Amino acid sequence: MSITINAAFDGGNIRVVAIHGDVVDLEIVADHQSDFFQWFYFRVAGARGRTLTFRILNAGKSAYPFAWPGYRTRASSDRIAWRQAETSYADGVLEWRWTVDGELAWFAYFAPYTMEQHEALIARIAARPGVTHRELGQSLDGQAIDYLRVGDGPKQVWLYARQHPGESMVEWWMEGALDWLTGPAAAPLLAAATVHIVPNMNPDGTRRGHLRTNAAGVNLNREWHAPTVERSPEVLCVLDAMNETGVDFALDVHGDEAIPANFIAGYEGIPSWTDEHGAKFYDFQRRLAAHTADFQIERGYEKSKPGNANLSMSTNQLAERFGAVSVTLEMPFKDHDPNPDPEFGWSPERSKALGVACLETLAGMIGEI
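Caption draft 1: Main features of the overall build of the protein chain. Broken down by element type, the protein chain carries eight helices and 17 strands. Dimensions along the principal axes, computed over C-alpha positions, put the protein chain at roughly 65 × 40 × 40 Å. Contacts in the protein chain between residues far apart in sequence, at least 24 positions, make up 76% of those at least 6 positions apart. Looking at the protein chain as shown, the accessible area adds up to about 14200 Å², and 50% of this sits on carbon and sulfur atoms.

Caption draft 2: Representation of the layout of surface pockets in the model. Size it by volume and the largest pocket reaches roughly 740 Å³. Around the largest pocket, the lining comprises 37 residues; the ones closest to its centre are F263, A265, Y301, M313 and E330. Per element, the largest residue contribution to the lining of the largest pocket is four residues, and it comes from strand β15 (residues 249-256). Its residues placed into classes, the lining of the largest pocket shows eleven nonpolar, 14 polar and twelve charged.

Caption draft 3: Representation of the sheet that holds strand β16 (residues 263-265) in the model. Pairing is mixed across the open sheet formed by seven strands, whose spatial order is β11-β12-β14-β13-β15-β17-β16. Lying at the two open borders of the sheet, with one neighbouring strand each, are β11 (132-138) and β16. Strand-to-strand twist across the sheet, computed as the mean angle between neighbouring axes with direction ignored, equals 25°. Of the pairings in the sheet, the one linking β15 to strand β17 (residues 325-332) comprises eight bridges and is parallel in character. By the bridge assignment, G255 is partnered in β17 with M331. Against the sheet, helix α1 (residues 115-126) engages β11 and β12 (144-150), with an angle of about 30° to β12. The sheet strands contacting helix α8 (residues 348-363) are β13 (155-161), β15 and β17, and the helix crosses β17 at an angle near 160°.

Caption draft 4: Highlighting the packing of helix α2 (residues 169-181) against α8. Running from N to C, α2 and α8 cross one another at 50°; their axes reach a closest spacing of 7 Å. Overall, the two elements α2 and α8 adopt an arrangement that is oblique. As α2 packs across α8, the resulting crossing turns out to be right-handed. When α2 is examined against α8, the residues M169, W172, W173, E175, G176, A177, W180 and L181 are found in contact with a partner set consisting of P348, S351, K352, L354, G355, V356, C358, L359, E360 and A363. Here the residues of the contact of α2 with α8 are counted per class, giving twelve nonpolar, three polar and three charged.

Caption draft 5: Region of interest: α2. Look at α2: 18 Å from first C-alpha to last across 13 residues, which is about the 18 Å you get at 1.5 Å a residue. Where burial is concerned, most of α2 is hidden: twelve out of the 13 residues are buried. By the burial criterion, the buried members of α2 are M169, V170, E171, W172, W173, M174, E175, G176, A177, L178, W180 and L181.

Caption draft 6: Region of interest: the packing of helix α5 (residues 233-245) against helix α7 (residues 314-322). Axis separation between α5 and α7 bottoms out at 12 Å; the angle between their running directions is 25°. In terms of orientation, α5 lies roughly parallel with respect to α7. For α5 against α7, the interelement crossing comes out right-handed. Residues L239, M242 and N243 of α5 form the contact with α7, whose own contacting residues are L318, R321 and F322. Tallied by class, the residues present in the contact of α5 with α7 amount to four nonpolar, one polar and one charged.

Caption draft 7: Representation of the packing of aromatic side chains in the model. Applying the stated criterion across every chain, the model contains 28 aromatic pairs. For the pair W96 and F107, a centre-to-centre distance of 5.9 Å together with 45° between the ring planes defines the contact as tilted. With W96 in strand β9 (residues 93-99) and F107 in strand β10 (residues 104-108), this residue pair connects regions lying eleven residues apart in the sequence. You'll find W96 and F107 in the same group, each marked buried. Among the residues examined, F107 registers a relative accessible area of 0% and is labelled buried. Clustering of aromatic rings is evident, with ring pairs tying together F40, F42, F54, W68, Y71, W96, W98, F107, Y109, F110 and F333. For the cation-ring pair, R79 lies above W106, with the distance from its terminal atom to the ring centre recorded as 5.8 Å. Positioned above the aromatic ring of Y147 is the side chain of R134, whose terminal nitrogen or guanidinium carbon lies 5.4 Å from the ring centre.

Caption draft 8: Quick look at the pairing of strand β3 (residues 23-27). Note: strand β2 (residues 15-20) against β3, five bridges, orientation antiparallel. Note on β3: the bridge partner recorded for R15 is E27. Connecting β2 to the next strand, β3, in antiparallel fashion are two residues, including G21 with a positive phi near 60°. When β3 meets strand β5 (residues 51-56), the two strands line up parallel, connected through four bridges.

Caption draft 9: Representation of the sheet that holds strand β6 (residues 74-76) within the structure. Read across the sheet, five strands follow the order β1-β4-β10-β6-β7 without closing on themselves; strand pairing throughout is antiparallel. Here the strands that pair on one side only, and so sit at the sheet edges, are β1 (4-6) and β7 (83-84). Pairing analysis gives five bridges linking strand β4 (residues 41-45) to β10, with the strands arranged antiparallel. By the bridge assignment for β10, R43 is matched with W106.

Caption draft 10: Spotlight on the nonpolar core. Judged by nonpolar contacts, the single largest core of 87 residues is most densely connected at F40, F42, W173, L181, L251 and F284. Take this core: its biggest share by element is nine residues, from α2. Those residues in contact with L251, other than ones at most four positions away along the chain, are W158, L159, Y160, W173, F284, V327, L329 and C358. Counting residues in hydrophobic clusters, the runner-up holds 19 residues, among them L136, W158, V198 and V235.

Conventions adopted
- Residues numbered from 1 in each chain as written.
- Predicted model: local features only at pLDDT ≥ 70, side-chain atom pairs only at ≥ 80, totals over all residues.
- Heavy atoms only, no water.
- Helix = DSSP H or I, 4+ residues; strand = E, 2+ residues; numbered from the N terminus.
- Contact = heavy atoms within 4.5 Å.
- Areas by Shrake-Rupley, 256 points an atom, 1.4 Å probe, with all protein chains shown as cover.
- 1 Å grid on protein atoms, 1.4 Å probe; cavity = no way out; pocket = protein on both sides within 12 Å on 5 of 7 lines; lining within 4 Å.
- Points joined across faces, edges and corners; volume = space filled by probe spheres on them.
- Nonpolar A, V, L, I, M, F, W, Y, C, P; charged D, E, K, R; others polar.
- Pairing = 2+ DSSP bridges.
- Axes fitted to C-alpha atoms, helices over the stretch in contact; angles between N-to-C directions.
- Parallel < 35°, antiparallel > 145°, perpendicular 65-115°, else oblique.
- Left-handed = near helix turned anticlockwise from the far one by under 90°.
- Expected span 1.5 Å × (residues − 1).
- Buried < 20%, exposed > 50% of the residue type's maximum accessible area, 1.4 Å probe, protein only.
- Phe/Tyr/Trp six-rings, centres within 6.5 Å; stacked < 30°, edge-to-face > 60°.
- Lys NZ or Arg CZ within 6 Å of the ring centre and 35° of its normal.
- Core = buried A, V, L, I, M, F, W, Y, C linked by side-chain atoms within 4.5 Å.

And the structure:
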């Protein structure tokens, strides 16, 4: 039986270059109208019992080629458990081997969270008591920008994710956060705050198998200073809703290709920065690190210098516009090296647990924000 490779499904991305025996040569397809690419997701049929070698030939030209060393491809036989495959990177080629033990096998940059999974999440959470759902607007492809609200406290908390669609771990984080927010443990937080949630800011990029952009090739996290209907309606409708409510605390959830750890970035460098304002961000960071072994504060991005913050990015824009304690959470495509898992690496289950840990930390300090 001949091997077939297919990525023509929700979130799929790969192009077959050639198949020579047990060696499969591939390329990742760039985001539409963009040079960004790194996300891949495809399935293999007709290879039961064979050990295949996969080679992504254009990995060296991807958005973040420096992130491939130390990375491991995720592989699954059921699309539920995603194990790490031994992976190497040399001379611009990403390579891994895998023995296919069933009729089908799937491979991805990280455990996928498809639009079908998103629809199931929205349906499940929206049906729970105390949850309000709104369609804030539509994407360029006409997909819904789903919004959920829980709680009725005076503090305005915004949680939003997946501006960059290839960062699929963030919607796993959202699933964990939403399950916690709709359970009994959340009652003290929901008495103190109204929590507004946008689980997926970029449904078009998610469905199309993009790494970083929407249907127009636009990086949504560079649009917050002046979003438009033509380029970034996804940001525009969310920012309009934020303008209606105000924002006291904001958490933007992302994935980082290179750094093998969970970390957060703040809003140093905004024009209105004060040490008193920033102290609340640093307190959240310290408390989260004390609360879970899956977070640390030693590794992360370089801080912006005074006056140099990029206000087109949401965390900076919301801190400046609303005076919010504004946080960018970054999770790894690799593993959280301070607390590693050799079999699964950073995983959906750990992403969900970190969502809970973040909200438990917030609940403990909401009165101080």
